[in-house]
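Fold and contact review
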Amino acid sequence: GEPLAVSARVAPLGSRLVLLLVEDLTEARRTEAVRRDFVANVSHELKTPVGALSLLSEAVMDAADDPEAVNRFAGRMQVEATRLTSLVQEIIDLSRVQNDDPLEGAEPVAVDDLVAEAVDRCRHPANAKQITMATGGAPDLYVWGHRGQLAAALGNLVENAVNYSPARTRVGIAGRRVPGPGGDLIEISVTDQGTGISQADRERIFERFYRVDPARSRATGGTGLGLSIVKHVAASHGGEVTVWSAEGQGSTFTLRLPEAGSVRSGESRKDESA
Ligand code: ADP
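Conventions adopted
- Residues numbered from 1 in each chain as written.
- Predicted model: local features only at pLDDT ≥ 70, side-chain atom pairs only at ≥ 80, totals over all residues.
- Heavy atoms only, no water.
- Helix = DSSP H or I, 4+ residues; strand = E, 2+ residues; numbered from the N terminus.
- Expected span 1.5 Å × (residues − 1).
- Buried < 20%, exposed > 50% of the residue type's maximum accessible area, 1.4 Å probe, protein only.
- Near = heavy atom within 4 Å.
- Polar contact = N/O pair within 3.5 Å; in protein donor to acceptor, adjacent residues only side chain to side chain.
- Areas by Shrake-Rupley, 256 points an atom, 1.4 Å probe, with all protein chains shown as cover.
- Nonpolar A, V, L, I, M, F, W, Y, C, P; charged D, E, K, R; others polar.
- pLDDT = per-residue confidence, 0-100.
- Contact = heavy atoms within 4.5 Å.
- Pairing = 2+ DSSP bridges.
- Axes fitted to C-alpha atoms, helices over the stretch in contact; angles between N-to-C directions.
- UniProt positions renumbered as here; feature names shortened; annotations may be inferred.
- Core = buried A, V, L, I, M, F, W, Y, C linked by side-chain atoms within 4.5 Å.
- Parallel < 35°, antiparallel > 145°, perpendicular 65-115°, else oblique.
- Left-handed = near helix turned anticlockwise from the far one by under 90°.
- Salt bridge = Lys/Arg side-chain N within 4 Å of Asp/Glu carboxyl O.

With that out of the way, let us pick up helix 5 (residues 147-163). Taking 1.5 Å of rise per residue, 17 residues should cover 24 Å, and helix 5 covers 24 Å from first to last C-alpha, within 8% of that figure. The buried count for helix 5 comes to 14 of 17 residues, which makes it a mostly enclosed element.

And the structure:
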């Protein structure tokens, strides 16, 4: 590992006593390195579409008397602009989930609502690839948290399942209650029949901007930020996200979150009070 960084201060206490203050700076240093990496990555990711837009706009001007070429370049400009928009949106989402306290404004959130919203968000790309979305009803399941953040997390998992699956496959989304150490937990799993993820990549996909295949991710409008948002949301809600995968067969991402009923002990769940 890396050497331990310490700051030591010697405080004289009377004539013979010496107090040695040792502070572990490793953590502070690591946070700073992560922040620096993030800024470098963001700059790089933003420069790519901006650079492309700038080149394409020059190409449009040069091709002014060739309407077909103008059309083609304009189409590519639109793709880059869309990429830029989703990148900016995800950077904003990420900074939001990192800074907003999810338990401020927390409420019981119906798993069925989250699933419906996630499916809705992916309806267009799923239809285009004839991917079947299979959802089992989970009418009595409620998680405790920030509705918008939870919807963003599940939406990202379903979006990935659709993006990294071949045509005419199936994406399954299911919720169930499982016993946890401090009360029941709700598990929401998203299963696809896609490319799968190798063991080495499974260890890194939750890092910001990490992509197994950057060209493929870019082609589907990916930013490499989705799973880091999911991980943040899960952790800040007192839950976790895990992945199981077999290469060439598919993957299952599982979100585990505190059940609304077990967090708000003494209060009735929404389904019971409605
Ligand atoms: P991206 O915007 O690239 O999808 P994510 O953070 O959501 O970024 O995912 C990181 C990488 O993990 C993706 O680029 C892809 O390589 C891989 N990945 C995520 N979900 C899946 C999946 N369901 N099947 C296969 N690979 C996946």
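Turning our eyes to something else, we now look at the site of the ligand. Around the ligand, the surrounding shell holds 20 residues, and the nearest of these are Asn 160, Tyr 164, Ser 217, Thr 223 and Gly 224. Between the ligand and Asp 192, the relevant distance is 2.8 Å, taken from a nitrogen atom to a side-chain nitrogen or oxygen of the residue. A distance of 2.8 Å separates an oxygen atom of the ligand from a polar atom in the backbone of Leu 227. Relative to its unbound accessible surface of 530 Å², the ligand loses 96% to contact with the protein. Considering only residue class, the shell around the ligand consists of nine nonpolar, nine polar and two charged.

Here we come to the confidence of the model for the chain. Model confidence for the chain is summarised by a mean pLDDT of 86, while 86% of its residues fall at 70 or above. Ignoring residues within four places in sequence, the model shows residues 264-274, a span with pLDDT below 50, making 13 contacts including any to other chains.

Right, let's talk about the sheet that holds strand 7 (residues 183-192) for a bit. Whether parallel or antiparallel, the strands of a sheet pair through hydrogen bonds between backbone atoms. The five strands lie next to each other as 4-6-7-9-8, forming an open sheet whose pairing is mixed. The open sheet has two edge strands, strand 4 (132-135) and strand 8 (240-246), and neither has a second partner. Averaged over all pairs of adjacent strands, the angle between strand axes in this sheet comes to 20°, irrespective of strand direction. In this structure, strand 8 lies alongside strand 9 (residues 250-258), joined through seven bridges in antiparallel fashion. Directly across from Val 241, in strand 9, lies its bridge partner Leu 255. Against the sheet, helix 3 (residues 111-121) makes contact with strand 4, strand 6 (170-180) and strand 7, and its axis sits at roughly 175° relative to strand 4, the strand it touches most.

This part takes up the UniProt feature "domain: Histidine kinase" (unreviewed entry) in the chain. Residues given the UniProt feature "domain: Histidine kinase" (unreviewed entry) here are residues 41-261. Across residues 41-261, the secondary structure splits into 51% helix and 22% strand, with the terminal C-alpha atoms separated by 40 Å.

The next point concerns the nonpolar core. Val 111, Val 143, Leu 154, Ile 173, Val 190 and Leu 255 are the most contacted members of the largest nonpolar core, which totals 46 residues. Those elements that provide at least two residues to this core are helix 1 (26-62), helix 2 (67-99), helix 3, helix 5, strand 6, strand 7, helix 8 (226-236) and strand 9. With eight residues, the top contributor of residues to this core is helix 5. Setting aside residues no more than four positions away along its own chain, Val 111 makes contact with Ala 138, Leu 141, Tyr 142, Val 143, Ile 186 and Ile 188.

The next subject is the packing of helix 1 against helix 2. Between helix 1 and helix 2, the shortest axis-to-axis distance is 9 Å and the interhelical angle comes to 160°. In terms of axis orientation, helix 1 runs roughly antiparallel to helix 2. Every pair of crossing elements has a handedness; the one defined by helix 1 and helix 2 is left-handed. Class assignment for the residues of the contact of helix 1 with helix 2 results in 20 nonpolar, one polar and four charged.

We now examine the pattern of salt bridges. According to the stated counting rule, one finds 13 salt bridges in the structure shown. Measuring nitrogen to oxygen at the nearest pair gives 3.1 Å for the salt bridge that ties Glu 187 to Arg 176. Of this pair, Glu 187 sits in strand 7 while Arg 176 sits in strand 6, and the two are eleven residues apart along the sequence. A relative accessible area of 12% places Glu 187 in the buried class. According to the relative accessible area criterion, Arg 176 is partly exposed, its value standing at 49%. Put simply, Arg 177 and Glu 259 hold a salt bridge, and the shortest N to O gap is 2.8 Å. Residue Arg 177 is found in strand 6, and its partner Glu 259 is found in the loop between strand 9 and helix 9 (260-263); the two are separated by 82 residues along the sequence. The buried category is assigned to Glu 259, whose relative accessible area is 4%.

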